[in-house]
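# Descriptive structure summary
The lines below spell out each chain.
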Amino acid sequence: MKSVRIFVSILIFLSSFLVIQAQEQMPSVTIRFYDKTVYYPGNGQENPVLIRVTISNNTSDTMRFKLADNRIFSMDFNVVNSKNIRLEHTEEFIRKRSTNQPVFFREISLEPGEEYSFIENIKDYIEIPQSGIYYMDGYFYPELNRQTVMSSDNPYIKPVKSNRLTLEVRPSVGAASLSIVPTDPVTFDNLSRKQISPDQVITDTIIARQRNSWDEFFLYMDLEEMILRDSSLAKKFISESEDGRIRMIENYKISMRNKSAALDIIMVPNKFQIEKTAYTPTEGSVSVIQWFDYSTYSEKKRYTYYLHQKDGIWLIYDYTVDNLGTE
């Protein structure tokens, strides 16, 4: 009896070891917006939401996985709204997944440090019927996603979860929408956020303001977080619907453009100098000395910008201002 218990214990240990080893050899999956632009609800062909999926081998061994010709058997996405309600899959996605058909695939090998990327349209997977703020996760299946194996305990069959992205979908561009939410899609479409350092984010933002280039000025701002930190706006923003929140964000931007908001961040310095930059992997701060010229004197101020990293991008979410006197 004792020998049986020892044998069972060895089997459990070996099984645990193999599962852990397999999990350590799983690929790393990252999702990013591809050529980020302004997104609208509706048809996936006319208004796509393109995502770059990157599979990386961060281990010390060669990694192999299967990639289906029809990516829905290799990928899936989970998208929830601001109330954490999950969006439904498209009818086409459900039909393809539930139809009994052969799944054609190829095997891909990645050496240590190598990666493989492909582009997917979220709207091929998920129905996005209306505007709002959504949060999405990607799931990659190294051994394909087939209903017959979904309950298996094989760790290679279970999906690998990606990072989370925040997706803002604006109201459709119709006459009614434009009368409520003015937008400037022509210039914004040509802009995309880049993975640059916190001090470069601040430099680009200040220069954009000096040039009066508002779209570039807003590019690296987490406007939702800035509104939530404004005691006069936060309560109303929280109680609003998703469409209402988008309108509030647009109106917040308009108040900056029209200079009707008493915000120090919209003041235009004559010159500036980065004083100090400090950051961890997720939080950062940048101290900047700025000079503002008036007719008979120059005012000197220290701006401290606070940033956090979202999806690999540094965004401004708060700031403070200290007056340093006149010169």
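Everything numeric here is computed off the predicted structure, so don't read it as measured data.

## Quick word on the overall build of the chain
- A tally of helices and strands in the chain yields nine helices and 12 strands.
- Counting the 327 residues in the chain, one finds 42% classified as buried.
- Counting every atom, the chain has about 17900 Å² of accessible surface; 50% of that belongs to carbon and sulfur.

## Some thoughts on the sheet that holds strand E11 (residues 298-310)
- The strand order across the open sheet formed by four strands is E9-E10-E11-E12, and the pairing between neighbours is antiparallel. The strands lining the two open edges of the sheet, one partner per strand, are strand E9 (271-279) and strand E12 (313-326). Strand-to-strand twist across the sheet, computed as the mean angle between neighbouring axes with direction ignored, equals 20°.
- Across 11 bridges, strand E10 (residues 283-293) lies against E11 in antiparallel orientation.

## Comments concerning the environment of asparagine 121
- With respect to the element layout, asparagine 121 can be found in strand E6 (residues 115-121).
- If we ignore the near neighbours within four places in the chain, the residues touching asparagine 121 are Gly44, Pro48, Val49 and Leu50.

## What about the nonpolar core?
- Val53 and Leu167 are the most contacted members of the largest nonpolar core, which has 35 residues in total.
- Counting residues per element, the ones that place at least two in this core are strand E1 (28-33), strand E2 (50-56), strand E3 (63-68), strand E4 (75-81), strand E5 (105-110), strand E7 (132-140) and strand E8 (160-169).
- If one sorts the elements of this core by residue count, E8 sits on top with four residues.
- Not counting the four nearest positions on each side in its chain, valine 53 is found in contact with Val29, Thr30, Ile31, Met75, Phe77, Tyr116, Ser117 and Phe118.

## Observations regarding the environment of valine 286
- By the element assignment, valine 286 lies in strand E10.
- With relative accessibility at 0%, the residue valine 286 sits in the buried group.
- Distance from valine 286 to isoleucine 274, taken between C-alpha atoms, is 7.4 Å for residues 12 residues apart in sequence.

## Section: the confidence of the model for the chain
- Summarising the model, the chain shows a mean pLDDT of 81, and 82% of its residues fall at 70 or more.
- The low-confidence segment residues 148-156 (pLDDT under 50) makes 16 contacts with residues lying over four places distant or belonging to another chain.
- Here residues 173-190 is a poorly scored stretch, pLDDT under 50, and it has 22 contacts once near neighbours within four places are set aside; other chains count.

## Examining the pattern of salt bridges
- If you walk through the whole model with that rule in mind, you get 15 salt bridges.
- The salt bridge involving lysine 310 is made with aspartate 222; its shortest N-O contact spans 2.8 Å. Separated by 88 residues along the polypeptide, lysine 310 in strand E11 and aspartate 222 in the loop between helix H6 (214-218) and helix H7 (223-228) bring together distant segments of the chain.
- Judged by its relative accessible area of 35%, lysine 310 falls in the partly exposed class.
- Close ionic contact of arginine 229 with glutamate 225 constitutes a salt bridge, the shortest N to O distance being 3.1 Å.
- For arginine 229, a relative accessible area of 46% corresponds to the partly exposed category.
- Glutamate 225 sits in the partly exposed class, given a relative accessible area of 22%.

## Observations regarding helix H5 (residues 198-210)
- Compared with the 18 Å implied by 1.5 Å per residue over 13 residues, the 19 Å span of H5 between its first and last C-alpha is a close match.
- Those residues of H5 not exposed but buried are Pro198, Val201, Ile202, Thr203, Thr205, Ile206, Ala208 and Arg209.
- Its buried side turned inward, H5 meets H6, E9, E10, E11 and E12.
- Of the residues trailing H5, asparagine 212 is marked for its positive phi of about 65°.

## Remarks on the side chain of threonine 203
- Note that threonine 203 resides in helix H5.
- Residue class for threonine 203 comes out buried when judged on its relative accessible area of 18%.
- Residue contacts for threonine 203: discarding those within four places in its chain leaves Phe272 and Ile274.

The rules behind each value
Residues numbered from 1 in each chain as written. Predicted model: local features only at pLDDT ≥ 70, side-chain atom pairs only at ≥ 80, totals over all residues. Heavy atoms only, no water. Helix = DSSP H or I, 4+ residues; strand = E, 2+ residues; numbered from the N terminus. Buried < 20%, exposed > 50% of the residue type's maximum accessible area, 1.4 Å probe, protein only. Areas by Shrake-Rupley, 256 points an atom, 1.4 Å probe, with all protein chains shown as cover. Pairing = 2+ DSSP bridges. Axes fitted to C-alpha atoms, helices over the stretch in contact; angles between N-to-C directions. Contact = heavy atoms within 4.5 Å. Core = buried A, V, L, I, M, F, W, Y, C linked by side-chain atoms within 4.5 Å. pLDDT = per-residue confidence, 0-100. Salt bridge = Lys/Arg side-chain N within 4 Å of Asp/Glu carboxyl O. Expected span 1.5 Å × (residues − 1).

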